[in-house]
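Structural overview
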Amino acid sequence: MYNRVVIDCQTAGISGDMLLSSLADLATQESRRKVIDCLYSCQDAVGWLRIKDLEFKQVSRSGFRALQLSISYEQGKDERRGVEVYDAVARCCKHLSLSEKAKDFALKSMEEIVKAEATIHMEDISTVHLHEVSSADTVVDIVGTALVLQELNLFNDSVEIYATKVAVGGGYVSFSHGMVSNPASAILEIFKGKRFILLGGPVEHELTTPTGAAMLVNLARCSLDFYPAFECVNVGYGAGMQEFTSIPNMLKVVLGKASESYVRDSIIMLETNLDDVEGELIAGVVDRLMSNGARDVSVIQVIGKKGRPSYMLRVLCDRDAMNNLLSIMFRESGTLGVRVQEYDRYILAGRDLLDVPVRIKDREFKIRAKVVRDSNGRIIHVKAEYDDVASMADMLGIPYRIAYMMAYKSISSMLNVEDISSN
């Protein structure tokens, strides 16, 4: 019913209870009751988890309706080792028999918090102590969110989860180690190196918490400047504990359905100009880049300064591969600088790479074929992979163009493709 999710945290940030509440707002009353009962039962798995009261309440934030998690519990110790809280989350997941994906999300979220605290305090993960995130509400927020996500079937592989830019607030934050500027170091450590844009303000208050940040980076692919294209199916509103006069303190989670056959994502372009280089050098650079994760490499002839013939080397890649490819460009090409830009793009959603058995001259080959379908599932484009066709041509002792025509005809017949262009 839905395959797009946007976690809208650009106004009031994100905390663990806000995320849990907004997701619970999307669920049925029966599912909410199930989540509450499951969280109460977690006390059987964790000795220090002593919940007095737990419920979801309808509240108002700046005149807007929202759902709020209300929880009270026995305080217990003021601090715990990070591994102790991690173990509590793990015990709860096992006790509730959560799916592997739900369990993985919960444990990675808790691990994100422990790693951040260990890094900023220069301690080992096994010994670092947690203060503000060591209480029962942290376990409830993480395990409860995993439960609701599972109830909503949002761990399905077909669901893509995005975030808006993340409001982190401003001013100062008081915690066990004193007073620091907001966002605190733990927040910055969690978001460090990830594809999320942070926004200061719009109030002098902590808007994004470590628990909210840790769950967000383990759910959403990245933050977007604008909502992706989709049909809105449902909206959940989760209220924060504070009420501000200038903004509604609540998180929106929007469920949507892709309304077209295009998917929006982003890609990195690396670009540099080369002169005084030999063709063999450029060929070597291209081969090295393609074998190390580049999506595509182009070499364009240009006229450089003083009328010198030059080449523009252009590389398309994912963010994860960018640093490695930059190193190769500097090391292999001798360039002194590389331009880096990130572009939004739309790609066809119905793309597959299929292994198709092809029988030619009484011999059977396995040819990989790129297949593109429209929104109705009809195949509109087929292209056989060059390497596979070239290998088949060599084995049959025939020209590549003949081998390609034979492969395409055989693939089209097997896939019941109508007469379309293969180019």
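Criteria and cut-off values
- Residues numbered from 1 in each chain as written.
- Predicted model: local features only at pLDDT ≥ 70, side-chain atom pairs only at ≥ 80, totals over all residues.
- Heavy atoms only, no water.
- Helix = DSSP H or I, 4+ residues; strand = E, 2+ residues; numbered from the N terminus.
- Buried < 20%, exposed > 50% of the residue type's maximum accessible area, 1.4 Å probe, protein only.
- Lys, Arg positive; Asp, Glu negative; His and termini not counted.
- Salt bridge = Lys/Arg side-chain N within 4 Å of Asp/Glu carboxyl O.
- Contact = heavy atoms within 4.5 Å.
- Axes fitted to C-alpha atoms, helices over the stretch in contact; angles between N-to-C directions.
- Parallel < 35°, antiparallel > 145°, perpendicular 65-115°, else oblique.
- Left-handed = near helix turned anticlockwise from the far one by under 90°.
- Nonpolar A, V, L, I, M, F, W, Y, C, P; charged D, E, K, R; others polar.
- Phe/Tyr/Trp six-rings, centres within 6.5 Å; stacked < 30°, edge-to-face > 60°.
- Lys NZ or Arg CZ within 6 Å of the ring centre and 35° of its normal.
- Pairing = 2+ DSSP bridges.
- 1 Å grid on protein atoms, 1.4 Å probe; cavity = no way out; pocket = protein on both sides within 12 Å on 5 of 7 lines; lining within 4 Å.
- Points joined across faces, edges and corners; volume = space filled by probe spheres on them.

Here we take up the side chain of E117. With respect to the element layout, E117 can be found in helix α4 (residues 100-120). Although buried, E117 forms no salt bridge, and the nearest oppositely charged side chain, K192, lies 13 Å from it. Residues within four places of E117 in sequence aside, it is in contact with V128, L130 and A186.

What follows concerns the packing of α4 against helix α7 (residues 210-217). Look at α4 against α7: their axes get within 8 Å of each other, and the N-to-C directions meet at 130°. In terms of orientation, α4 and α7 fall into the oblique class. The two elements α4 and α7 cross, and the hand of that crossing is right-handed. Between α4 and α7, the residues in contact are F105, S109, E112 and I113 and P210, T211, A214, M215 and V217, respectively. Looking at the contact of α4 with α7, its residues break down into 6 nonpolar, 2 polar and 1 charged.

So, on to the packing of aromatic side chains. Per the stated rule, a full pass over the model turns up 5 aromatic pairs. Arranged with centres 5.8 Å apart and planes meeting at 55°, the rings of F191 and F196 form a pair that is tilted. A centroid spacing of 6.3 Å and a plane angle of 35° characterise the contact between Y227 and F230, whose relative ring orientation is tilted. For F230, a relative accessible area of 16% gives the class buried. Members of the aromatic cluster, connected to one another through ring pairs, are Y386, Y400 and Y404. For the cation-ring pair, R80 lies above W48, with the distance from its terminal atom to the ring centre recorded as 3.7 Å.

Counted by the stated rule, this structure contains 27 salt bridges. Between D87 and R91 there is a salt bridge, and its shortest N-O distance comes to 2.7 Å. Of this pair, D87 and R91 both sit in helix α3 (residues 82-96), separated by 4 residues, roughly a single helical turn. Residue class for D87 comes out partly exposed when judged on its relative accessible area of 35%. One salt bridge connects E332 with R288, and the closest N-O pair in it is separated by 2.9 Å. Of the two residues, E332 sits in helix α9 (residues 319-333) while R288 sits in helix α8 (residues 279-290), which places them 44 residues apart along the sequence. Since its relative accessible area comes to 25%, E332 is described here as partly exposed. Overlapping salt bridges, with partners in common, bring together D25, R32 and R65 in one network.

Bringing unusual backbone geometry into the picture now. Cis peptide bonds are those with omega within 30 degrees of zero, and the linkage from N182 to P183 qualifies with 5°. Along the chain, the position of P183 falls in the loop between β9 (178-181) and α6 (185-191). Across the junction of G201 and P202, the peptide omega takes the value 0°, indicating a cis bond. Looking at the element boundaries, P202 is found in the loop between β10 (198-200) and α7. Despite not being glycine, N153 shows a phi value in the positive range, around 60°. The topology assignment puts N153 in the loop between α5 (136-151) and β6 (160-163). For N153, a relative accessible area of 46% translates into the label partly exposed. Phi is positive for K306, which is not a glycine, with a value near 60°. Secondary-structure assignment places K306 in the loop between β14 (296-303) and β15 (309-317). Taking the relative accessible area as the measure of exposure, K306 reaches 80% and is therefore exposed.

Glancing now at the pairing of β14. Both β14 and β15 contribute to a ladder of 8 bridges, which runs antiparallel. Looking across to β15, one finds that V299 is bridged to L313.

Residues of strand β7 (residues 166-169) alternate between two faces, with V166 and V168 on one and A167 and G169 on the opposite face, all of them buried. With 3 bridges joining them, β7 and β10 adopt parallel strand pairing. Across the sheet, the residue bridging to V166 is L198, located in β10.

This part takes up the side chain of S70. If you trace the backbone, S70 turns up in strand β3 (residues 64-73). The exposure class of S70 is buried, given its relative accessible area of 18%. Ignoring sequence-local partners within four residues, the contact set of S70 consists of D53, L54, E55 and K57.

With that settled, consider the layout of surface pockets. There is about 940 Å³ of room inside the largest pocket. Lining the largest pocket are 40 residues, and of these E132, V133, E206, T209 and P210 lie nearest its centre. Looking at the lining of the largest pocket, the elements with two or more residues in it are α1 (16-26), β3, α4, β5 (129-130), α5, β8 (172-175), α6 and α7. At 4 residues, the largest contribution of residues to the lining of the largest pocket is made by β3.

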